[in-house]
Amino acid sequence: QLQLVESGGGLVQPGGSLRLSCATSGFTLSDYVIGWFRQAPGKERAGISCISKSGGNTNYVNSVKGRFTISRDNAKNTVYLQMNSLEPDDTAIYYCAARSRAAYSCADYVFQYDYWGQGTQVTVSS
């Protein structure tokens, strides 16, 4: 019923750009705080960005600040992650996730989110 589907991943050269999309269905997107996470092989899943229900507030982890931009289009039921100046360390599976409807603030940790997409692979390599 409540579904999130990531797309837009792929193989890019260092310094390149990708735009990830998180298409949602089964719920009213504007009721939910959305986060982006990533997980590299052998590493824990870590939050990298989040956006408030209205899109007015955004947070970024330091390693992506200034390079990545999160946005949302509630009318299109879609959240985006624009990734510029990509580096090999950005290689990971990227996930979008939604907090519970009752949650209002951005959050950085996996346990603070209730609904998850399947992930999309991003590989940055020459």
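Residues numbered from 1 in each chain as written. Predicted model: local features only at pLDDT ≥ 70, side-chain atom pairs only at ≥ 80, totals over all residues. Heavy atoms only, no water.

## Section: the side chain of Arg67
Mapped onto the elements of the fold, Arg67 is located in the loop between strand E6 (58-60) and strand E7 (68-73). On the basis of relative accessible area, Arg67 is assigned to the buried category, the value being 11%. Within the local environment of Arg67, its side chain forms a polar contact with the backbone oxygen of Ser85, the two atoms lying 3.0 Å apart. Within the structure, the side chain of Arg67 is placed 2.8 Å from the side chain of Asp90, a separation counted as a polar contact. The residues contacting Arg67, other than those within four sequence positions of it, are Gln82, Met83, Asn84, Ser85, Leu86, Glu87 and Asp90. (Helix = DSSP H or I, 4+ residues; strand = E, 2+ residues; numbered from the N terminus. Buried < 20%, exposed > 50% of the residue type's maximum accessible area, 1.4 Å probe, protein only. Polar contact = N/O pair within 3.5 Å; in protein donor to acceptor, adjacent residues only side chain to side chain. Contact = heavy atoms within 4.5 Å.)

## So, the state of the cysteines
All told, the structure shown has 2 disulfides when counted by the stated rule. Paired through a disulfide, Cys22 and Cys96 show a sulfur-sulfur distance of 2.0 Å. Between Cys22 and Cys96 the disulfide shows an S-S torsion of about 70°. By sign, it is right-handed. Of this pair, Cys22 sits in strand E3 (residues 18-25) while Cys96 sits in strand E9 (residues 92-98), and the two are 74 residues apart along the sequence. You can call Cys96 buried: its relative accessible area is 0%. A sulfur-sulfur distance of 2.3 Å marks the disulfide that ties Cys50 to Cys106. Where Cys50 bonds to Cys106 through sulfur, the torsion about that S-S bond is close to 130°, and the disulfide is right-handed. Residue Cys50 is located in strand E5 (residues 46-51), and its partner Cys106 is located in the loop between E9 and strand E10 (115-116); the two are separated by 56 residues in the primary sequence. For Cys50, a relative accessible area of 0% gives the class buried. (Disulfide = S-S within 2.5 Å.)

## With respect to the sheet that holds E7
The 4 strands are arranged E1-E3-E8-E7 in an open sheet whose pairing can be described as antiparallel. With one partner strand each, in any of the chains shown, strand E1 (3-7) and E7 form the two edges of the open sheet. Strand-to-strand twist of the sheet, defined as the mean angle between neighbouring strand axes without regard to direction, takes the value 15°. Note: E1 against E3, 5 bridges, orientation antiparallel. Bridging from a neighbouring strand, Gln3 pairs with Ser25 of E3. (Pairing = 2+ DSSP bridges. Axes fitted to C-alpha atoms, helices over the stretch in contact; angles between N-to-C directions.)

These results come straight from atomic positions and should not be treated as a statement about function.
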